[in-house]
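Residue-level structure breakdown
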Amino acid sequence: MAVTTLNQIVQNLNEIANKHQQLHGFKFGDPWEFYTSGTCDAAELWVQPMPAPATLTTIDYTFTFWLFDGVRRGEVNETEVMSDMFLVAQDIIAQLHHPDYGWAFDRNQKFTINPVTEKTPYKFTGVWFSVALKLLYPA
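In this report, we go over the structure that sits alongside the text. (Residues numbered from 1 in each chain as written. Predicted model: local features only at pLDDT ≥ 70, side-chain atom pairs only at ≥ 80, totals over all residues. Heavy atoms only, no water.)

1. Concerning the sheet that holds strand β5 (residues 125-136)
What counts is decided by this rule: Two strands pair under a simple rule: DSSP has to find at least two bridges between them. Where helices and strands are cited, they refer to DSSP runs of H or I of at least four residues and of E of at least two residues respectively, numbered from the N terminus. For helices, the fitted axis covers only the stretch in contact; all axes are lines through C-alpha atoms, and the angles between them, taken along N-to-C directions, range from 0 to 180 degrees. A contact between two residues is defined here by any heavy atoms of the two lying within 4.5 Å.
Reading across the sheet, the 5 strands line up as β1-β2-β3-β5-β4 and stay open at both edges, with mixed pairing between neighbours. Edge positions in the open sheet fall to β1 (25-28) and β4 (114-117), since each of these has one partner strand only. Within the sheet, the average angular offset between the axes of one strand and its neighbour, ignoring direction, is 25°. Sheet analysis places strand β2 (residues 44-49) next to strand β3 (residues 58-69), joined by 6 bridges and oriented antiparallel. Directly across from P49, in β3, lies its bridge partner F63. Helix α1 (residues 6-19) rests against β1, β2, β3 and β5 of the sheet, and its axis sits at about 160° to β1. Along the sheet, helix α3 (residues 78-96) contacts β2, β3, β4 and β5; its crossing angle with β5, the most-contacted strand, is approximately 10°.

2. Describing the packing of aromatic side chains
Filter applied, for reference: We call Phe, Tyr and Trp rings a pair once their centres come within 6.5 Å, taking the six-membered ring for Trp, and we label the pair stacked below 30 degrees between planes, edge-to-face above 60, and tilted otherwise. Note on exposure labels: buried denotes an accessible area under 20% of the residue type's maximum, exposed denotes more than 50%, and partly exposed covers the range between, all computed with a 1.4 Å probe on protein chains only.
According to the stated counting rule, one finds 8 aromatic pairs in the structure shown. When the centroid spacing of 5.0 Å and the interplanar angle of 55° are considered together, the rings of W46 and F68 count as tilted. Pair noted here: W46 is in strand β2 and F68 is in strand β3, with a separation of 22 residues, a long-range link. As far as burial versus exposure is concerned, W46 and F68 are alike and both buried. Counting every residue linked through ring pairs, the aromatic cluster contains F28, Y61, F63, F65, F111 and F129.

3. Concerning the pairing of β2
When you tally the buried positions in β2, you get 5 out of 6 residues, the bulk of the element. Inspection of the sheet shows β1 paired to β2 by 4 bridges, in the parallel sense. Of the residues in β2, the one forming a bridge with G25 is E44.

Printed below as a string of structure tokens:
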């Protein structure tokens, strides 16, 4: 496991999002920044940094991943959009396991993929889940 910076992690997550055929955008930061920015290219992956527990040898960068897409007026495709975002979440989790990245990923780590509807001013539908990426921390 190589030493990696937060900036490198964000670049890797951006790469994962850009390579996914159903995603059209990537944002990093707090969710309120995303939907007050005035720009959105749904479907998007939004990554929110969370507290990062550390020991003298490792640091666990923890993130909440938000996957959102737009719903047609009248919510006629809400279930379809949510279903798609569940599948995209599973794709992202699979990519996080790829050995090319500089983090350790507990293969036994359980994920709870949580549905979200109309929680943003854009009335997006999607899912969120949290992940911890363990990196060496040379104290």
